[in-house]
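Structural overview
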Amino acid sequence: MAVTELNIADVRDAFLVSLNAIHSLQELDDLRVKFTGKKGELTLLLRSVGKLPPEQRKQAGQEMNSLRDEIDIRLAEAEKIIRDAENEKLEIQERIDVTLPPKGRLKGAFHPVLQTMHEIADIMQGLGYSVASGPEHEEDFYNFECLNIPAWHPARDMQDTFYFNDGTLLRTHTSPVQIRAMLQYGAPLRIVCPGKVFRRDNDTTHSPMFNQMEGLLIDKDVSFSVLKGTITEMVNAFFGRSLKARFRASYFPFTEPSMELDIECVECSGHDEDCRVCHGTGWLEVAGMGMVHPNVIRAGKIDPNIYNGFAFGLGLDRLAMLKYGISDLRLLFDGNTAYLLSGWGGEF
Ligand code: DAH
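Residues numbered from 1 in each chain as written. Predicted model: local features only at pLDDT ≥ 70, side-chain atom pairs only at ≥ 80, totals over all residues. Heavy atoms only, no water.

Each assigned domain of the protein is listed with its residue range as follows: domain 1 (3-94) and domain 2 (112-340). Each of domain 1 and domain 2 was reduced to a C-alpha centroid, and the two centroids are 89 Å apart. (Domains from an automatic or database assignment.)

This part covers the site of the ligand. The ligand sits among 16 residues. The nearest are His173, Ser175, Arg199, Gln212 and Glu214. Separating an oxygen atom of the ligand from a side-chain N or O atom of Gln212 is a distance of 2.9 Å. At a separation of 3.3 Å, an oxygen atom of the ligand approaches a polar backbone atom of Phe312. Look at the ligand: alone it shows 360 Å² of surface, and the protein chains cover 91% of it. (Near = heavy atom within 4 Å. Polar contact = N/O pair within 3.5 Å; in protein donor to acceptor, adjacent residues only side chain to side chain. Areas by Shrake-Rupley, 256 points an atom, 1.4 Å probe, with all protein chains shown as cover.)

The next thing to look at is the pattern of salt bridges. Enumeration over the complete set of coordinates arrives at 16 salt bridges. Between Arg74 and Glu70 there is a salt bridge, with its nearest N and O atoms 2.8 Å apart. Of the two residues, Arg74 and Glu70 both sit in helix α4 (residues 54-94), 4 residues apart, roughly one turn of that helix. Look at Arg74 and you get partly exposed, because its relative accessible area is 31%. Each of Arg246, Arg248, Glu260, Asp262 and Glu285 takes part in salt bridges that share partners, so that together they form one network. (Salt bridge = Lys/Arg side-chain N within 4 Å of Asp/Glu carboxyl O. Helix = DSSP H or I, 4+ residues; strand = E, 2+ residues; numbered from the N terminus. Buried < 20%, exposed > 50% of the residue type's maximum accessible area, 1.4 Å probe, protein only.)

For the rest of this paragraph, the subject is the nonpolar core. Core analysis: the biggest nonpolar cluster contains 45 residues, and Ile120, Met234, Phe239, Ile263 and Phe312 have the highest contact counts within it. Those residues in contact with Ile120 that lie beyond four places of it in its chain are Met213, Met234, Phe238, Leu314, Leu316 and Leu319. Counting 25 residues, the second-largest nonpolar core is a separate cluster that includes Leu169, Ile191, Ile302 and Ala311. (Core = buried A, V, L, I, M, F, W, Y, C linked by side-chain atoms within 4.5 Å. Contact = heavy atoms within 4.5 Å.)

This brings us to a negative patch on the surface. Judged by side-chain charge, Asp157, Asp160, Asp201 and Asp203 come together as a negatively charged surface patch. Considering the arrangement of structural elements, one finds Asp203 in the loop between β4 (189-198) and β5 (209-219). (Patch = residues over 30% accessible without salt bridge, like charges linked within 9 Å, V, L, I, M, F, W, Y side chains within 5 Å. Lys, Arg positive; Asp, Glu negative; His and termini not counted. Charge placed at Lys NZ, Arg CZ, Asp CG, Glu CD.)

The subject of this paragraph is unusual backbone geometry. Omega for the peptide link from Ala187 to Pro188 comes to -5°, which places this bond in the cis form. Looking at the element boundaries, Pro188 is found in the loop between α7 (176-185) and β4. Cis geometry marks the peptide bond from Glu256 to Pro257, where omega comes out at -5°. The residue Pro257 is located in strand β7 (residues 255-264) in this model. The backbone of Asp221 sits at a positive phi, close to 55°, despite the residue not being glycine. Relative to the elements of secondary structure, Asp221 occurs in the loop between β5 and α8 (224-239). Accessibility expressed as a relative area gives 74% for Asp221, which makes it exposed. Here the phi dihedral of Lys301 falls at roughly 60°; this positive angle occurs in a residue that is not glycine.

Before going further, it helps to examine the packing of aromatic side chains. Under the defined criterion, the tally for this structure stands at 4 aromatic pairs. When the ring of Phe15 is compared with that of Phe35, the centres are 5.3 Å apart and the planes differ by 85°; the resulting orientation is edge-to-face. Taken together, the positions of Phe15 in helix α1 (residues 2-20) and Phe35 in helix α2 (residues 25-36) put the pair 20 residues apart, joining distant regions of the chain. You'll find Phe15 and Phe35 in the same group, each marked buried. For the pair Phe252 and Phe254, a centre-to-centre distance of 5.8 Å together with 20° between the ring planes defines the contact as stacked. (Phe/Tyr/Trp six-rings, centres within 6.5 Å; stacked < 30°, edge-to-face > 60°.)

Right, here's the structure in full:
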């Protein structure tokens, strides 16, 4: 009796000590086998009952049975505690924090031309200009006629036009917005108009659709020097530095006098004879401009005897390429989203 009692107490103690040290379901299983398995300590103890003197068997049997029950209960309790703890750990690991930014999110980016458009519009808005727009599907009247380009005018040949059967067309430049803005807002007026324009041109350096930005200022006593100052300011602000500028006499039917602006090559500043951007000339053509022709002001229903002004036109695609070092025009038009989203160099 004494031996059996001792054994029962030993097995119970040993079980409780081992149970205390358990942290995982695997360890719990091992413990279960160690005590209640075929060769487990409790099993062996239970088997030994038969060897006890008959008068001791009943009590020993009862004690062992209650130890077996206790072990079963404690194992079940421990299992529940471990499972709960593991579930909680898992839940914490898998918990979704809806306030965190999504993983692997693609960064969006403006198209370089749109970025350029925004930058120049911003600069011009800083100089008091508003952003205006006009239709891409335009009438001959606004695209040519009002801009002092009558049907017989040779300047129409300069711009290969997409015509519709009814004589309407896809605008070949943003200049028609000059007329629309004058008719809509009157004088004085300061607008820029960015937008798509279309010409029957398609090779490695020309796209049938490209982007321009028109500028128009109408006021009293506007001088040529204000035009030069404005355009120089704009270009320097856009490139973020003071560039050498050169104004060349030119011709546009809608301005008189007319000129074109060349800026110092942003790539080589004129120091590289083999420069891929300026081809060694040291200069880049960036804008056409001039004092608005009186006929154009009149077409806008403004009196050219009271008001005058200037206008300019910029090629946005070219400016985007120059600022962001884009060497192939096709990158702007191919719709290659991988390229466009992967940091073409713009500010995102
Ligand atoms: N419309 C001209 C073109 O597409 C660009 C231009 C030149 C616009 C002179 C102007 C200007 O407003 O004054 O080539």
